[in-house]
Amino acid sequence: FGGNRPAAPTAEHAWAVHCLDLKTGAERWRRTVHEGVPKTGLHIKNSYASETPITDGEHLYAYFGNVGVYCLTLDGKEVWSKKFKPHKTRYGWGTAASPVLHKDRLYIINDNDDDSYLLALDKKTGEPVWRTEREEKSNWATPFVWENEIRTEIVTPGTGKFRSYDLNGKLLYEFGGGSSITIAAPYSKFGLLFVSSGYVLDRKKPLFAIRPGA
């Protein structure tokens, strides 16, 4: 507690992607994708690079929440990039939700205190395919693409509502009952979807198991 740092720093930062050799730890390459003074503050336990990169085996996709998303080759050359407008987050805590890949689309969720949305990008070009506005404030949970026996859906946890969308961004179902902070990513096992939330000061820390079709 007490880790709020809402004021943006004044020093210039560099956002970079590093590739390390798995066996030795030696750096194979480093690509700086953005340089500048951060526009937003940050919780002391967070960083400006908390999002996990993802790959389809051909390209690497690195997303930095209040900066942009960058598509690189596996040897670090930039293929395309897309800048993102920075938004305020709860108490200036920063961002953390990672991108997810499914077939030819890259899905990015940006839940903030200004303008929350779920975005689908063409993974080959970075061009927007669709964008769905969300009635949410700041969340930090990575979405999950659930391929079940009925359909494929994008599951997005949230403090306001847990929501599921189809692959065109249309809402399939939603339900509430989570805790006041949502961070954990959903997952699937035994033919069920599991979604959770929890916060140390909340009495309510639920875990839900959902059947296909909700």
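The structure presented is a predicted model; accordingly, all values stated were derived computationally and were not measured. (Residues numbered from 1 in each chain as written. Predicted model: local features only at pLDDT ≥ 70, side-chain atom pairs only at ≥ 80, totals over all residues. Heavy atoms only, no water.)

Engineer: Is there a simple way to explain the nonpolar core in this structure?
Structural biologist: Counting residues in each nonpolar core, the largest one holds 13 residues, and the members touching the most others are Trp15, Val17, Trp29, Val33, Phe64, Val67 and Tyr70. Residue assignment for this core shows that the elements contributing at least two residues are strand S1 (13-20), strand S2 (27-36), strand S4 (59-64) and strand S5 (68-73). Setting aside its immediate chain neighbours within four residues, Val17 contacts Trp29, Arg30, Arg31, Val33, Leu60, Ala62, Phe64 and Leu72. Counting eleven residues, the second-largest nonpolar core is a separate cluster that includes Tyr61, Cys71, Leu119 and Leu121. (Core = buried A, V, L, I, M, F, W, Y, C linked by side-chain atoms within 4.5 Å. Buried < 20%, exposed > 50% of the residue type's maximum accessible area, 1.4 Å probe, protein only. Helix = DSSP H or I, 4+ residues; strand = E, 2+ residues; numbered from the N terminus. Contact = heavy atoms within 4.5 Å.)

Engineer: How do you make sense of the pairing of strand S13 (residues 162-165) when you look at a structure like this?
Structural biologist: Burial along S13 is two-sided: Phe162 and Ser164 facing one way and Arg163 and Tyr165 facing the other are all buried. Counting the residues that bridge the hairpin from strand S12 (residues 152-156) to S13 gives five residues. In this structure, S13 lies alongside strand S14 (residues 171-175), joined through four bridges in antiparallel fashion. Its bridge partner being in S14, Arg163 is matched across the sheet by Glu174. (Pairing = 2+ DSSP bridges.)

Engineer: How do you make sense of the sheet that holds strand S6 (residues 78-83) when you look at a structure like this?
Structural biologist: Two pairing modes exist for strands in a sheet, parallel and antiparallel, and in both the strands are linked by backbone hydrogen bonds. The strand order across the open sheet built from four strands is S3-S4-S5-S6, with neighbouring strands paired in antiparallel fashion. Across the chains shown, the open sheet's two edge strands, defined by having one partner strand only, are strand S3 (54-55) and S6. Inspection of the sheet shows S4 paired to S5 by six bridges, in the antiparallel sense. Looking at S5, one finds that Phe64 is bridged to Gly68.

Engineer: What exactly am I supposed to notice about the sheet that holds strand S16 (residues 192-196) here?
Structural biologist: Pairing within the open sheet is antiparallel, and its three strands lie in the order S15-S16-S17. Edge positions in the sheet fall to strand S15 (187-189) and strand S17 (207-210), since each of these pairs with one other strand and no more. Neighbour-to-neighbour, the strand axes of the sheet open up by a mean angle of 30°, direction not taken into account. Sheet analysis places S15 next to S16, joined by three bridges and oriented antiparallel. Counted as the bridge partner of Ser188 is Leu193 from S16. (Axes fitted to C-alpha atoms, helices over the stretch in contact; angles between N-to-C directions.)

Engineer: Looking at this structure, how should I read the packing of aromatic side chains?
Structural biologist: Given two aromatic rings, one states the distance between the centres and the angle between the planes to describe the pair. Scanning all chains against the criterion turns up eleven aromatic pairs. Taking NZ or CZ as reference, Arg131 lies 3.9 Å from the ring centre of Tyr117, over its face. Across the ring face of Phe190, the terminal group of Lys189 is positioned such that the distance to the ring centre comes to 5.8 Å. (Phe/Tyr/Trp six-rings, centres within 6.5 Å; stacked < 30°, edge-to-face > 60°. Lys NZ or Arg CZ within 6 Å of the ring centre and 35° of its normal.)

Engineer: It is not clear to me how the pattern of salt bridges should be interpreted in this structure. Could you clarify?
Structural biologist: Opposite charge on two side chains permits pairing when their charged atoms draw close. Here the structure, examined in full by the defined rule, presents eleven salt bridges. Measuring nitrogen to oxygen at the nearest pair gives 3.0 Å for the salt bridge that ties Asp21 to Arg28. Under the relative-accessibility criterion, Asp21 is labelled buried at 18%. Residue Arg28 is classed as exposed on the basis of its relative accessible area of 58%. Members of the salt-bridge network, linked through shared partners, are Glu136, Lys161, Arg163 and Glu174. (Salt bridge = Lys/Arg side-chain N within 4 Å of Asp/Glu carboxyl O.)

Engineer: Just checking my understanding: could you explain the side chain of Thr142 for this structure?
Structural biologist: Along the chain, the position of Thr142 falls in the loop between strand S10 (128-133) and strand S11 (144-147). Here Thr142 falls in the buried class, since its relative accessible area comes to 17%. Among the polar contacts listed, one links the side chain of Thr142 to the backbone nitrogen of Ser98, at a separation of 2.9 Å. (Polar contact = N/O pair within 3.5 Å; in protein donor to acceptor, adjacent residues only side chain to side chain.)

Engineer: Would you mind going over a nonpolar patch on the surface with me for this structure?
Structural biologist: On the surface, Phe1, Val200 and Leu201 cluster together into a nonpolar patch covering about 400 Å² of accessible area. Mapped onto the secondary structure, Val200 falls in the loop between S16 and S17. Judged by its relative accessible area of 58%, Val200 is exposed. (Patch = residues over 30% accessible without salt bridge, like charges linked within 9 Å, V, L, I, M, F, W, Y side chains within 5 Å. Areas by Shrake-Rupley, 256 points an atom, 1.4 Å probe, with all protein chains shown as cover.)

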